[in-house]
Amino acid sequence: KTVRLGGNDIGGEGVRRVARALTRGCQALTHLDLQCNWVNAEGALQLARALPFCRTLAMLDLSSNLVGDAGAKSIAGVLPEVKALTSLNLERNNIASEGARHLAGGVTRAKGLSHLKLDGNNIGAEGAGWLALLPPHVHVAFALF
């Protein structure tokens, strides 16, 4: 099952409602697309709390939002619990080196994650160093500007 809500400007209230719905039942959900929805760090925290309920979620797209370092930390913290997740898209989310550090730790502990997209962030050389420590099976896409 795929849920595509990209580009709907659902904002904080919308993502809270999505997160609440996920905690009530997302057993068949494999793809969740929330790109371009003004999801900020608080929204990422709400979503992170719901993700462990999504046992079949393979792809999460949060690209073009406002997740930032704090939101990246929230998402990274639950990655090991979302065992089916193979692809995480956090492109264009104002994530810097601190967020990259948290993501590197979370992705390392999440054994199934194999694709991490971080293009269009500001991870810098320090963040790139953290991401370089990821296991070889993890494909990371990002560009340094």
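Here is what the cut-offs are and how they apply
- Position numbers for residues start from 1 in each chain and track the written sequence from start to end.
- The predicted origin of the model limits local features to residues at a pLDDT of at least 70 and limits the giving and counting of side-chain atom pairs to 80 or more, whereas totals for whole chains, interfaces and linings rest on all residues.
- Side-chain descriptors were evaluated using all non-hydrogen atoms of the structure, hydrogens and water having been removed beforehand.
- Only runs of H or I of at least four residues qualify as helices and only runs of E of at least two qualify as strands under DSSP, and these elements are numbered from the N terminus.
- Only C-alpha atoms enter the radius of gyration; for comparison, a globular chain is expected to reach 2.2 Å times N to the power 0.38, where N is the number of residues.
- With a 1.4 Å probe rolled over the protein chains alone, any residue whose accessible area is under 20% of its type maximum counts as buried; one over 50% counts as exposed, and the rest are partly exposed.
- Two residues form a contact once any of their heavy atoms are found within 4.5 Å.
- To be clear on the numbers: accessible area is Shrake-Rupley with a 1.4 Å probe, and residue cover counts the displayed protein chains and nothing else.
- Charge counting follows a simple rule: Lys and Arg are positive, Asp and Glu are negative, and His as well as the terminal groups are ignored.
- Think of each charge as sitting on NZ of Lys, CZ of Arg, CG of Asp or CD of Glu.
- One requirement defines pairing of two strands: DSSP has to find at least two bridges between them.
- Every angle, taken between N-to-C directions, lies between 0 and 180 degrees, and every axis is a line fitted to C-alpha atoms, over only the stretch in contact when it is a helix.
- Throughout, the term roughly parallel applies to angles under 35 degrees, roughly antiparallel to angles over 145, roughly perpendicular to angles from 65 to 115, and oblique to all others.
- The classification used treats Ala, Val, Leu, Ile, Met, Phe, Trp, Tyr, Cys and Pro as nonpolar, Asp, Glu, Lys and Arg as charged, and all other residues, Gly among them, as polar.

What follows covers the overall build of the chain. Looking only at helices and strands, one finds five helices and six strands in the chain. For the chain, the sequential pattern of α-helices and β-strands runs β-α-β-α-β-α-β-α-β-α-β. Rg of the C-alpha trace for the chain: 14 Å, near the compact-globule value of 15 Å for 145 residues, within the 12% margin. Overall size of the chain, expressed as C-alpha extent along the three principal axes, is 40 × 30 × 20 Å. Every one of the 145 residues in the chain was classed for burial, and the buried ones make up 48%. The contacts of the chain with a sequence gap of at least 6 include a subset with a gap of at least 24, amounting to 83%. For the chain, the accessible surface area stands at approximately 6,900 Å², while carbon and sulfur atoms represent 54% of it. Side-chain charges of the chain comprise 15 positive and 11 negative groups, with the mean position of each set lying 9 Å from the other.

We now examine the sheet that holds strand E6 (residues 139-141). Taken in spatial order, the six strands line up as E1-E2-E3-E4-E5-E6 in an open sheet, and their pairing is parallel. Both edges of this open sheet fall to strand E1 (2-4) and E6, since each of them pairs with a single strand only. The mean angle between the axes of side-by-side strands here comes to 5°, regardless of whether they run parallel or antiparallel. Here E1 pairs with strand E2 (residues 31-33) via three bridges, running parallel. The residue bridging Thr2 from the neighbouring strand is His31, located in E2.

Moving on, we come to the packing of helix H4 (residues 97-109) against helix H5 (residues 124-132). Orientation of H4 relative to H5, taken along the N-to-C sense of each, is 5°, at an axis distance of 8 Å. The angle between H4 and H5 places the two elements in the roughly parallel class. Residues Ser97, Ala100, Arg101 and Ala104 of H4 form the contact with H5, whose own contacting residues are Glu126, Gly127, Trp130 and Leu131. For the contact of H4 with H5, a count of residues per class yields four nonpolar, two polar and two charged.

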